[in-house]
Amino acid sequence: MREIADRLRAWNDSGARYAVATVVSVGGSAPRRPGAAMAVAADGEAVGSVSGGCVEGAVYELCQEVIRTGEPVRQSFGYSDDDAFAVGLTCGGTIEVLVRAGPVPDAALEAVSRDGQVAFVHVLPPGPVTGTGLLVVWPDRHHGTTGLADADAVVVGEARAMLDTGKTGRISVRCRDHLDVFVHSYAPAPRLLVFGAIDYAAAVARVGRFLGYRVTVCDARPVFATPARFPEADEVVVDWPHRYLAAEHERGSVDGRTVVCVLTHDAKFDVPLLEVALRLPVAYVGAMGSRRTHHDRLSRLRRAGMSDAELARLRSPIGLDLGARTPEETAVAIAAEFVAARRGGTALPLGQIDGPIHHDSQASSAEVA
């Protein structure tokens, strides 16, 4: 969609009728991934690609059909080697394409064009469709409907969770029979910044990678901060932690989804790092250490000029009380705490609380006019 967003906005401005084809699933050695898009205008102009050429002609015709009828079409294309004249993928893969009539909302196209966080949610036929059958979901609002008012909050919640981790794919909406949607997220993965190249850091990096975070391990000691010791990390950085975090903030690489785990429990690293971290708009800041270390750290941070409000953001000792002993168990306790912090969970056993299991935020799902 990023490849064709500017052209779609121009078509919107001119009032042109068009249809958009989106790859919603692939199999085998398909040439393009889910989310690849092609658009065709009523005057015949085409932009984008869904297959690198193999089935573009057939998809072009489907787009023209949708422009004429206004009805969405879902079509699969597979291997065509058995019949040289058949429409298909010579690579041996399969793709499934959804074609829908435009327009795509300008606000969504603008977000895509400027690398903003936005997810396109397509209700897959034969599910209920109203209008274009497209929901557009931002972190704080959405536009569109599934056609089932009681399902919208569920779909928006599921899409927002996928957007949060930058994931794209098909999902069956829980508690709703025959309602499948395709979510195409435009967002980088959230960041997990692990400071301190210790054995616990390796376990936290592994859990973070599993949860869909882009994981960075940072330590000022080059003998410990090596890729060989942290194979699950996306990057291992040798730098003073506070200097690295401040520089990442200046670069715009730290945001409200970022998780900061301080595992060094060494004052010469922790205090300057936490002075930076607790003043940034990140989702979570946790620091490892005993209760004695925690109280000593708070005293040092207060002497450094940090306010009670800033210190109240610190999760320390880090993690939930799971009785964890091993690095792996400790990593689960830490991850459980930052997931609960980010999702608004109580961190209590579900059997001890009433209300919905899934925290689908109603307040942040305001409809866009």
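Structure shown above.
Residues numbered from 1 in each chain as written. Predicted model: local features only at pLDDT ≥ 70, side-chain atom pairs only at ≥ 80, totals over all residues. Heavy atoms only, no water.

Details of the side chain of Asp 164
Here Asp 164 shows up in helix H4 (residues 149-165). Residue class for Asp 164 comes out buried when judged on its relative accessible area of 8%. Once residues lying within four places of it in the same chain are set aside, the contact partners of Asp 164 are Pro 190, Arg 257, Arg 342 and Arg 343. (Helix = DSSP H or I, 4+ residues; strand = E, 2+ residues; numbered from the N terminus. Buried < 20%, exposed > 50% of the residue type's maximum accessible area, 1.4 Å probe, protein only. Contact = heavy atoms within 4.5 Å.)

Points about the pairing of strand E9 (residues 169-172)
Alternating residues of E9 divide into Gly 169 and Ile 171, all buried, and Arg 170 and Ser 172, none buried. In this structure, E9 lies alongside strand E10 (residues 180-186), joined through four bridges in antiparallel fashion. Along E10, the bridge assignment pairs Ser 172 with Asp 180. (Pairing = 2+ DSSP bridges.)

Quick look at the pattern of salt bridges
Tallying each qualifying case throughout the model produces 20 salt bridges. The shortest N-O distance in the salt bridge between Asp 164 and Arg 342 comes to 2.4 Å. Residue Asp 164 is located in helix H4, and its partner Arg 342 is located in helix H10 (residues 327-343); the two are separated by 178 residues in the primary sequence. Ionic pairing is found between Lys 268 and Asp 266, a salt bridge with its closest N-O pair at 2.7 Å. The exposure class assigned to Asp 266 is partly exposed, which follows from its relative accessible area of 26%. (Salt bridge = Lys/Arg side-chain N within 4 Å of Asp/Glu carboxyl O.)

Some remarks on the sheet that holds strand E4 (residues 73-77)
On the basis of which strands lie adjacent, the open sheet formed by five strands has the order E3-E2-E1-E5-E4 and antiparallel pairing. Each end of this open sheet is capped by a strand with a single partner; those strands are strand E3 (46-48) and E4. Ignoring which end each strand starts from, the neighbouring axes of this sheet average 20° apart. Pairing geometry for E4 and strand E5 (residues 94-101), over five bridges, is antiparallel. When the bridges of E5 are listed, Val 73 appears paired with Val 99. Where helix H2 (residues 56-69) meets the sheet, it contacts strand E1 (18-27), strand E2 (37-41), E3, E4 and E5, and its direction lies at approximately 50° from that of E2. (Axes fitted to C-alpha atoms, helices over the stretch in contact; angles between N-to-C directions.)

Focus: the sheet that holds strand E13 (residues 235-238)
Spatial ordering of the open sheet is given by E13-E12-E11-E14-E15-E16, a layout of six strands whose pairing is parallel. Of all the strands in the sheet, just E13 and strand E16 (314-315) have a single pairing partner and so form its edges.

Brief notes about the pairing of strand E11 (residues 191-195)
The element E11 is largely enclosed, with a buried count of five among its five residues. Burial along E11 is two-sided: the residues Arg 191, Leu 193 and Phe 195 and Leu 192 and Val 194 are all buried. Once the chain exits E11 it traverses helix H5 (residues 199-210) before rejoining the sheet at strand E12 (residues 214-219), and the crossover so formed is right-handed. Where E11 lies against strand E14 (residues 259-262), four bridges are found, and the strand directions are parallel. By the bridge assignment for E14, Phe 195 is matched with Val 262. (Right-handed = clockwise from strand over helix to strand, strands pointing away.)

Considerations on the side chain of Asn 12
Relative to the elements of secondary structure, Asn 12 occurs in helix H1 (residues 5-14). Classification of Asn 12 by relative accessible area gives buried; the value is 19%. A distance of 2.8 Å separates polar atoms of two side chains, one belonging to Asn 12 and the other to Tyr 18. For Asn 12, the residues in contact, after removing those within four places along its chain, are Tyr 18, Pro 103, Val 104, Asp 106 and Leu 109. (Polar contact = N/O pair within 3.5 Å; in protein donor to acceptor, adjacent residues only side chain to side chain.)

Topic: unusual backbone geometry
Most peptide bonds adopt trans geometry, and most residues besides glycine take a negative phi value. Cis geometry marks the peptide bond from Gly 102 to Pro 103, where omega comes out at 5°. Mapped onto the elements of the fold, Pro 103 is located in the loop between E5 and helix H3 (106-113). The backbone phi angle of His 265 is positive, close to 35°, even though this residue is not glycine. Its place among the elements puts His 265 in the loop between E14 and helix H7 (267-277). The partly exposed category is assigned to His 265, whose relative accessible area is 43%.

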